[in-house]
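Here is what each chain is made of, one letter per residue.
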Number of protein chains: 2
Amino acid sequence: LIAQTIAEQFESGILAGVSVVITAGPTREAIDPVRYISNHSSGKMGYALAAAARDAGARVTVISGPVNILPPERVRVVPVSSALDMLQAAQSEQEHCQIFIAAAAVADYRPAQVAEQKVKKSTDELTLTLIKNPDIVATVAAQENAPFTVGFAAETQDVEHYARDKLNRKKLAMIIANDVSRNDIGFNSDDNAVSVFWPTGEARYEAMSKQQLARHLITLMADRYQEYLLNRTENTHA
Amino acid sequence: LIAQTIAEQFESGILAGVSVVITAGPTREAIDPVRYISNHSSGKMGYALAAAARDAGARVTVISGPVNILPPERVRVVPVSSALDMLQAAQSEQEHCQIFIAAAAVADYRPAQVAEQKVKKSTDELTLTLIKNPDIVATVAAQENAPFTVGFAAETQDVEHYARDKLNRKKLAMIIANDVSRNDIGFNSDDNAVSVFWPTGEARYEAMSKQQLARHLITLMADRYQEYLLNRTENTHA
């Protein structure tokens, strides 16, 4: 019955005429021509959100790190590798969208220097100096005329505390928090369970398929986005 | 004509009754529960060698790092993640094989400490201390009654110099050298071109499919392995 209600909402095109940009997958940060730092993100959640947003009537662009799954049909894909590549693509795409969903697991750090040749293993110990990558979702949300910006938080402890802190600090409209300490859900899994926080409320979704969860999340975002538009109009007219 | 000759050799079962163990793919070295260091190895070359060895009549086991390709049929697969996992599997499998081919791109280094929680990005710079991983192919070749051990070398410069140095230092029977500075071949490519060195000779193969190259390499290994058996017998009777 709930699935049917959701399907009906989707059929009514709750995001018709809206442009949505979604980042997905991991990034890869080069150490040298052969080695890199990455993470276990599969891109499944971002791609499922892209399919759900498309089904809700949106025009969808996915900025995708290297993944091994096929992109949804009728979705534009901008392939990238590193966090710097992804930032550049995000800044170029955000101008043309109303909703920006940062589902990618962007590497927080990258090697300070990229060796041009493969690093030879001569010493027993090697020190790799990493520097902070730009915060893509915070950069997007900080722009003048920023889109309705949704972030993700992958946490292993104190999930709500860290998620609400990110929501406020990065000036996001909404944040979706995974507890990645659970092995049964998230990252490489087909299922996911999340908590969603926005300045005035929260929602929780128990473990379900990423496809099903994506439809719930897109419905929630569309609802919050409508309210955000109303508030913005009221503020403009005040 | 050459392809036909090779096919005939394979039909004659040049490795009938021989057990071959092949390592393939990259390894992943955990930084924390979500991040890791890895490399661009696709596993294609190792899997192609497994299929070619199987077609030549060998019993084949592949010790495989995380890859996104399907293993060849009628080949036993031992899945592993880190270099330490791969070493353990290699030591357990080498006792039961006559030929050991180390085609995996094993991470030379791993983080000295694996954080139990996701590392929080609080500082602008982060220093990651890496320690040397065990050298799997050298460990196998150094055993008493070691199998006929074949290594790979991925180099970006002075290919022959570094490859011959590894051949001697690690006491290998043969080494197969890729020039990974070339973009058209190797790692993620479907094609490969290699130079092969053994103590008394060398061979070069121009760019061709990894399947075709694998058949040439298995033919060469079978030939060298026969000679190695003869020498060993002569030495025993001397």
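Basis of the calculations
Along each chain, numbering runs from 1 in the same order as the chain's sequence is written. Note on labels: chains are lettered from A, ligands numbered from 1, in written order. Totals for whole chains, interfaces and linings use all residues, but because this is a predicted model, local features are given only for residues with pLDDT of at least 70 and pairs of side-chain atoms are given and counted only at 80 or more. Water and hydrogen atoms were dropped before computing side-chain values, which therefore reflect all heavy atoms in the structure. By definition, any uninterrupted DSSP run of H or I lasting at least four residues is a helix, any uninterrupted run of E lasting at least two residues is a strand, and each is numbered from the N terminus. The criterion used for residue contact is that any of the two residues' heavy atoms lie within 4.5 Å. Here the accessible surface of atoms and residues is derived via Shrake-Rupley with a 1.4 Å probe, and residues count as covered only by protein chains that are part of the display. Joining two parts hides part of their accessible area as seen by a 1.4 Å probe, and the buried area is that hidden amount summed over both. In what follows, salt bridge is the name for a side-chain nitrogen of Lys or Arg lying within 4 Å of a carboxyl oxygen of Asp or Glu. The definition of a polar contact used here is a pair of N or O atoms within 3.5 Å, where within protein one atom must be able to donate a hydrogen and the other to accept one, and adjacent residues in sequence count solely through side-chain atom pairs. Superposing copies: least-squares fit, C-alpha atoms only, residues required to have pLDDT of at least 70 in both. Per-residue accessibility, obtained with a 1.4 Å probe over protein chains only, is compared with the maximum for each type, and a residue is labelled buried under 20%, exposed over 50%, and partly exposed between these values. Call a crossover right-handed when, viewed with both strands pointing away from you, the route from the first strand across the helix to the second goes clockwise. By the convention used here, strands pair only if DSSP detects at least 2 bridges between them. Here pLDDT means the predictor's own confidence in every residue, given as a number from 0 to 100. Lines fitted to C-alpha atoms define the axes here, with helix axes fitted over just the stretch in contact, and angles between the N-to-C directions of these axes take values from 0 to 180 degrees. Cavities and pockets were defined on a 1 Å grid built over protein atoms only: a cavity is a set of grid points that admits a 1.4 Å probe from which the probe cannot escape, a pocket is an open set flanked by protein on both sides within 12 Å along at least five of seven lines, and lining residues are those with an atom within 4 Å of any such point. Grid points are joined across faces, edges and corners, and a volume is the space filled by probe spheres set on the points. Polar here means any residue outside two lists: the nonpolar Ala, Val, Leu, Ile, Met, Phe, Trp, Tyr, Cys and Pro, and the charged Asp, Glu, Lys and Arg; Gly therefore counts as polar. When we speak of the arc, we mean the arc of directions from the helix axis to the C-beta atoms. Any pair of Phe, Tyr and Trp rings, taking the six-membered ring for Trp, is counted once the centres come within 6.5 Å. Such a pair is stacked with planes under 30 degrees apart, edge-to-face with planes over 60 apart, and tilted for the rest. Neither His nor the chain ends is counted toward charge; the positive residues are Lys and Arg and the negative residues Asp and Glu. The span expected for a helix works out to 1.5 Å for each residue beyond the first.

## Some words on the overall build of chain A
For chain A, the helix and strand inventory stands at 6 helices and 12 strands. Considering only contacts within chain A whose residues lie at least 6 apart along the sequence, 62% involve residues at least 24 apart. Element-wise, carbon and sulfur atoms account for 47% of the exposed surface of chain A, whose accessible area totals about 11,200 Å².

## Details of the interface of chain A and chain B
At the junction of the two partners, chain A supplies 38 residues and chain B supplies 38 residues. Counting the surface lost from both chain A and chain B, the interface buries some 3,700 Å², and carbon and sulfur atoms represent 51% of this. In this assembly, chain A and chain B are joined by 2 salt bridges. A salt bridge links Arg35 of chain B to Asp108 of chain A, with the nearest nitrogen and oxygen atoms 2.3 Å apart. Here chain A and chain B share 18 residue pairs in polar contact (both at pLDDT 80 or more) between them. Broken down by element, the side of chain A that touches chain B gets its largest block of residues, 8 residues, from strand S8 (residues 125–132) of chain A.

## Details of the relation of the copies chain A and chain B
Here the second copy of the chain follows from the first by a rotation about an axis and a shift along it. After a rotation of 180° and a shift along the axis of 0.0 Å, chain A superposes on chain B with an RMSD of 0.0 Å. What we have between these two chains is a two-fold relation. Taking C-alpha positions as the reference, the residue of chain A nearest the rotation axis is Ile37 of chain A, at 2.2 Å. When the interface residues of chain A are mapped onto chain B, 100% of them again fall at the interface, so both copies present the same face.

## Topic: the pairing of strand S10 (residues 174–179) of chain B
Sheet faces and side chains relate simply in a regular strand, where the side chains alternate between the two faces. Residues and elements named next belong to chain B. The buried fraction of S10 amounts to 5 of the 6 residues, a majority that puts the element mostly inside the structure. For the segment spanning strand S9 (residues 148–155), helix H5 (residues 159–169) and S10, crossover handedness is right-handed. In the sheet, S10 pairs with strand S11 (residues 191–198) via 4 bridges, with the strands oriented antiparallel. Along S11, the bridge assignment pairs Ile176 with Val196.

## Comments concerning the confidence of the model for chain A
This prediction gives chain A a mean pLDDT of 89; 87% of its residues lie at or above 70. Our summary of model confidence lists the complex with pTM equal to 0.82 and ipTM equal to 0.79.

## As for the sheet that holds strand S8 (residues 125–132) of chain B
Spatially, S7(A)-S8(A)-S8(B)-S7(B) is the arrangement adopted by the 4 strands of the open sheet, whose pairing is antiparallel. With partners counted over all chains shown, the strands left at the sheet margins are strand S7 (109–111) of chain A together with strand S7 (109–111) of chain B, one partner each. Going across the sheet, the axis of each strand differs from the next one's by a mean of 40°, ignoring polarity. Relative to S8 of chain B, S8 of chain A is paired through 7 bridges, and the arrangement is antiparallel.

## Notes on the sheet that holds strand S1 (residues 19–24) of chain A
Residues and elements named next belong to chain A. In spatial order, the strands read S5-S4-S1-S6-S9-S10-S11-S12; together these 8 strands make up an open sheet with mixed pairing. The sheet is open, and its two borders are formed by strand S5 (76–79) and strand S12 (201–209), each paired with just one other strand. Within this sheet the neighbouring strands show an average axis-to-axis angle of 15°, counted without direction.

## Overview of the pairing of strand S4 (residues 59–64) of chain B
All names here are of chain B. Across the 6 residues that make up S4, a large majority, 5, are buried. Bridge count for S4 against strand S5 (residues 76–79) is 4 bridges, and the pairing is parallel. Within S5, the position partnered with Ile63 by the bridge is Val78.

## What to know about empty space enclosed by the protein
For the structure on display, the rule yields 1 cavity of 30 Å³ or more. Counted as a void, the largest cavity has a volume near 90 Å³. The wall of the largest cavity is formed by 10 residues, among which Tyr109 and Leu130 of chain A together with Ile31, Arg35 and Leu126 of chain B lie closest to the centre. Class assignment for the residues of the lining of the largest cavity results in 7 nonpolar, no polar and 3 charged.

## Quick word on helix H5 (residues 159–169) of chain A
Residue and element names in this part refer to chain A. Considered for burial, the residues of H5 that qualify are Val159, Ala163, Lys166 and Leu167. Along the axis of H5, the buried residues cluster in a sector spanning 105°; they form a single face. Turned more than 90 degrees from where H5 packs its buried face, His161, Asn168 and Arg169 sit exposed. At its buried positions, H5 is contacted by strand S9 (148–155), strand S10 (174–179) and strand S11 (191–198). Directly after H5, the chain includes Lys171, whose backbone phi takes a positive value near 55°.

## Let's talk about the packing of aromatic side chains
Residue and element names in this part refer to chain B. Within this structure, the stated rule accounts for 6 aromatic pairs over all chains. The interplanar angle of 75° and the centroid separation of 5.8 Å between the aromatic rings of Phe148 and Tyr225 together place this pair among those described as edge-to-face. Taken together, the positions of Phe148 in strand S9 and Tyr225 in helix H6 (residues 210–237) put the pair 77 residues apart, joining distant regions of the chain.

## Looking at the side chain of Glu29 of chain A
All names here are of chain A. Mapped onto the elements of the fold, Glu29 is located in strand S2 (residues 29–30). An unpaired buried charge is present at Glu29: no salt bridge exists, and Arg110, the closest side chain of opposite charge, is 5.5 Å distant. Engagement of the side chain of Glu29 in a polar contact is seen with the backbone nitrogen of Ala83, the distance being 2.9 Å. Ignoring sequence-local partners within four residues, the contact set of Glu29 consists of Arg35, Tyr36, Ile37, Ser82, Ala83, Ala107, Tyr109, Arg110, Pro111 and Asn133.

## Considering the pattern of salt bridges
Considering all chains together, one arrives at 24 salt bridges over all chains under this definition. Arg215 of chain B is the partner of Asp55 of chain B in a salt bridge, and the nearest nitrogen-oxygen pair spans 2.8 Å. Of the two residues, Asp55 of chain B is situated in helix H2 (residues 44–55) and Arg215 of chain B in helix H6; the sequence distance between them amounts to 160 residues. Owing to a relative accessible area of 30%, Asp55 of chain B belongs among the partly exposed residues under this scheme. Within this structure, Glu160, Arg164, Glu202 and Arg204 of chain A form a network of salt bridges that share partners.

## Topic: H2 of chain B
All names here are of chain B. When the terminal C-alpha atoms of H2 are compared, their 16 Å separation across 12 residues agrees well with the 16 Å that a helix rising 1.5 Å per residue should span. In terms of burial, H2 is largely enclosed, as 10 of its 12 residues are buried. Those residues of H2 that sit buried are Met45, Gly46, Tyr47, Ala48, Leu49, Ala50, Ala51, Ala52, Ala53 and Arg54. Phi turns positive, to about 100°, at Gly57, one or two residues after H2.

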